[in-house]
Amino acid sequence: MAEKQISLPAKLINGGVAGIIGVTCVFPIDLAKTRLQNQRNGQQIYKSMWDCLRKTLRSDGYFGMYRGAAVNLTLVTPEKAIKLAANDYFRYHLSKTGSPLTLSKEMLAGCGAGVCQVIITTPMEMLKIQLQDAGRLAAQKTVKGIQCMPPGTKHLNTIPVLTRAYNVGPTSAARKVSATQIASELLRTEGIKGLYKGLGATLLRDVPFSVIYFPLFANLNKLGKASSDDKAPFLYSFTAGCIAGSTAAVAVSPCDVIKTRLQSLSKGANEETYSGIVNCARKIWMKEGPSAFFKGAGCRALVIAPLFGIAQVVYFLGVGETVLEMAQFNRLMA
């Protein structure tokens with residue numbers, strides 16, 4: 001049986017449902033990834049992903065592990081829709097001749113999808129990182145017993161964050177920062193470009209990710225098809241999504257570390273500031289060594305693999321198609 005062509009509205013629904021479920025399931029691991037990537041040598045608050053999650057749970061409670069999740073949940077639907085639709089759009093136009101897509105054309109389609117998605121990904125990641133990293137900075141202040149206000153820090157450093165200290169009594173109450181406050185402050189002081197800080201680094205991460213993921217998934221998924229017209233069994237699609245996602249995630253981990261560092265507006269005591277991608281990469285290499293580029297790589301793989309696995313579940317079940325069919329049926333019955 002030929003594989004059913006999925007409509008754009010169905011893709012939007014499937015991408016949104018997959019994104020919302022996926023973000024809810026794996027966001028605490030993503031938070032740990034951001035905090036581990038932002039740690040500098042000699043200033044480690046967290047020893048590992050599990051240590052980070054344990055300390056976050058103890059200090060901020062269960063909901064503390066979801067700092068910045070609202071931004072992701074709000075923007076994940078348009079992000080996934082753009083990424084999936086763009087990849088299909090480019091694949092369609094590159095295969096108009098009727099001949100099968102070559103690997104180079106599959107990579108080109110993935111490249112186009114990666115370029116398109118940064119319209120949403122960059123501001124989403126920008127706001128999410130500020131909220132995710134706030135607990136690390138608060139913990140660093142508590143452990144060191146200092147106020148982290150090095151010369152030349154950005155204006156957002158002055159916004160206090162509500163938290164409770166590790167192993168000591170609660171800190172003084174302070175105003176909790178929201179994504180809306182951060183976005184408003186950036187727009188007021190820097191304009192729209194403030195929300196797109198780290199755009200180059202986001203492109204450097206998302207384009208190679210899509211170039212690796214989409215062709216790898218397509219070719220792994222083919223292994224489960226009895227013929228080119230058949231649909232691969234669910235287990236093959238699920239496994240292919242997990243393998244392709246985690247492989248691409250680890251491969252672009254150095255780019256993700258650079259992006260996280262560049263998009264972190266608030267800095268702890270004695271933490272480096274960076275003027276750009278090359279400057280950031282050079283300082284990380286010189287001061288922290290090559291292993292620093294793979295900080296949080298395991299966390300990122302653990303985040304991405306379930307996300308794409310969940311996406312395959314949603315597509316396999318045809319959630320978007322079912323919703324559209326029910327809506328059409330209700331219109332006919334009305």
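Here, residues in each chain are numbered from 1, in the same order as that chain's written sequence. Restriction of local features to residues with pLDDT of at least 70 applies here, the model being predicted, together with a cutoff of 80 or more for giving and counting side-chain atom pairs; totals for whole chains, interfaces and linings are based on all residues. Note that the side-chain values use all heavy atoms of the structure and ignore hydrogens as well as water.

Caption draft 1: Region of interest: the overall build of the protein chain. When you go through the protein chain residue by residue, the secondary structure sums to 11 helices and 0 strands. Beginning at the N terminus, the succession of helices and strands in the protein chain can be written as α-α-α-α-α-α-α-α-α-α-α. Accessibility here uses a 1.4 Å probe with only protein chains present; expressed as a share of the type maximum, an area under 20% marks a residue as buried, one over 50% as exposed, and anything in between as partly exposed. Across the 334 residues of the protein chain, 52% fall into the buried class. Long-range pairs, those at least 24 residues apart, make up 79% of the contacts in the protein chain between residues at least 6 apart in sequence. When the accessible area of the protein chain is evaluated, it comes to approximately 15,900 Å², of which 67% is carbon and sulfur surface. Runs of H or I in DSSP of at least four residues are treated as helices and runs of E of at least two as strands, each being numbered from the N terminus. Residue contacts are defined here by distance: any two heavy atoms, one from each residue, within 4.5 Å place the two residues in contact. Using a 1.4 Å probe, accessible areas were evaluated by the Shrake-Rupley method; residue-level cover was limited to the displayed protein chains.

Caption draft 2: View of a nonpolar patch on the surface. In this analysis, a patch consists of residues with relative accessible area above 30% that form no salt bridge, clustered at 9 Å for like charges and at 5 Å for the nonpolar side chains Val, Leu, Ile, Met, Phe, Trp and Tyr. One speaks of a salt bridge when a side-chain nitrogen belonging to Lys or Arg is within 4 Å of a carboxyl oxygen belonging to Asp or Glu. There is a patch of nonpolar side chains on the surface, built from Leu-57, Tyr-62 and Phe-63 and spanning about 380 Å² of accessible area. Mapping Leu-57 onto the fold places it in helix α2 (residues 49-60).

Caption draft 3: The UniProt feature "transmembrane region" (unreviewed entry) in the protein chain, seen in detail. Annotation from UniProt places "transmembrane region" (unreviewed entry) at residues 12-32 and 292-317. Taken end to end, residues 12-32 is 100% helix and 0% strand, and its two terminal C-alpha atoms sit 29 Å from one another. Annotated as residues 292-317, this span is 81% helix and 0% strand, and its ends, taken at the C-alpha atoms, are 40 Å apart. UniProt positions are given in the numbering used here, feature names are shortened, and annotations may be inferred rather than shown by experiment.

Caption draft 4: Highlighting the packing of helix α6 (residues 199-222) against helix α10 (residues 297-317). Only the stretch in contact is used when fitting a helix axis, every axis being a line fitted to C-alpha atoms; angles between N-to-C directions are given from 0 to 180 degrees. At their nearest, the axes of α6 and α10 sit 14 Å apart, and the two run at 50° to each other. By the criterion of interaxial angle, the relationship of α6 to α10 is oblique. Between α6 and α10 lies a crossing of right-handed hand. Of α10, the residues touching α6 (which contributes Arg-205, Phe-209, Tyr-213 and Phe-217) are Arg-300, Ile-304, Phe-308 and Gln-312. Polarity classes work like this: nonpolar for Ala, Val, Leu, Ile, Met, Phe, Trp, Tyr, Cys and Pro, charged for Asp, Glu, Lys and Arg, and polar for all others, with Gly in that last group. Of the residues in the contact of α6 with α10, the class split is 5 nonpolar, 1 polar and 2 charged. We call two directions roughly parallel when the angle between them is under 35 degrees, roughly antiparallel when it is over 145, roughly perpendicular when it lies between 65 and 115, and oblique otherwise. Each crossing gets its handedness from the near helix: less than a right angle anticlockwise from the far helix is left-handed, clockwise is right-handed.

Caption draft 5: Local environment of the confidence of the model for the protein chain. On average, residues of the protein chain score 81 in pLDDT, and 87% of them reach the 70 mark or higher. Overall, residues 146-174 carries pLDDT values under 50, and its contacts beyond four positions in sequence, including any with other chains, amount to 63 contacts. Confidence per residue, as judged by the predictor, is encoded in pLDDT with a range of 0 to 100.

Caption draft 6: Structural view of the packing of α6 against helix α7 (residues 234-251). Between α6 and α7, whose axes approach to 8 Å, the crossing angle comes to 155°. As judged from the angle between their axes, α6 and α7 are roughly antiparallel. Seen along the crossing, α6 lies across α7 with a hand that is right-handed. Within the contact between the two elements, α6 uses Phe-209, Ile-212, Tyr-213, Leu-216, Phe-217, Leu-220 and Asn-221 and α7 uses Tyr-236, Ser-237, Ala-240, Gly-241, Ile-243, Ala-244, Gly-245, Thr-247, Ala-248, Ala-249 and Ala-251. Looking at the contact of α6 with α7, its residues break down into 13 nonpolar, 5 polar and no charged.

Caption draft 7: Representation of the side chain of Asp-133 within the structure. Assignment of secondary structure puts Asp-133 in helix α4 (residues 103-144). We classify Asp-133 as buried; its relative accessible area is 3%. In this structure, Asp-133 is in contact with Thr-34, Arg-35, Asn-38 and Ser-264, ignoring residues within four places of it in sequence.

Caption draft 8: Focus on α10. Helix span, as expected, comes to 1.5 Å for every residue beyond the first. Between its terminal C-alpha atoms α10 stretches 30 Å, which fits the 30 Å expected from 21 residues at 1.5 Å a residue. Counting buried positions along α10 yields 15 of 21 residues, so the element is predominantly enclosed. Among the residues trailing α10, Gly-318 stands out with phi positive, at a value near 65°.

Caption draft 9: Layout of the nonpolar core. Ala-32, Tyr-46, Met-49, Phe-209, Tyr-213, Cys-299 and Ile-304 are the most contacted members of the largest nonpolar core, which has 32 residues in total. Mapped by element, the contributors of at least two residues to this core are α1 (8-38), α2, α3 (69-94), α4, α6, α7 and α10. The element that contributes the greatest number of residues to this core is α1, accounting for 6 residues. Of all hydrophobic cores here, the second largest spans 12 residues; its members include Met-126, Leu-127, Ala-179 and Ala-183. Only buried residues count toward a nonpolar core. Its members are Ala, Val, Leu, Ile, Met, Phe, Trp, Tyr and Cys residues joined through side-chain atoms within 4.5 Å.

Caption draft 10: Fine view of the side chain of Asn-72. With respect to the helices, strands and loops of the structure, Asn-72 is situated in helix α3. Ignoring any residue separated from it by four or fewer positions in sequence, one finds Asn-72 in contact with Val-23, Phe-27, Met-124 and Lys-128.

Caption draft 11: Structural view of the packing of aromatic side chains. Each Phe, Tyr or Trp ring (for Trp, its six-membered ring) is paired with any other whose centre lies within 6.5 Å, and the angle between the two planes then decides the class: stacked below 30 degrees, edge-to-face above 60, tilted in between. Within the structure shown, the criterion is met by 11 aromatic pairs. Note on Phe-27 and Tyr-66: the rings are 6.0 Å apart at their centroids and 15° apart in plane angle, and the pair reads as stacked. With Phe-27 in helix α1 and Tyr-66 in the loop between α2 and α3, the pair connects residues that are 39 residues apart, well separated along the chain. We note that Phe-27, like Tyr-66, is buried. Three or more aromatic residues joined by ring pairs make a cluster, and in this case those are Phe-209, Tyr-213, Phe-214, Phe-217 and Phe-308.

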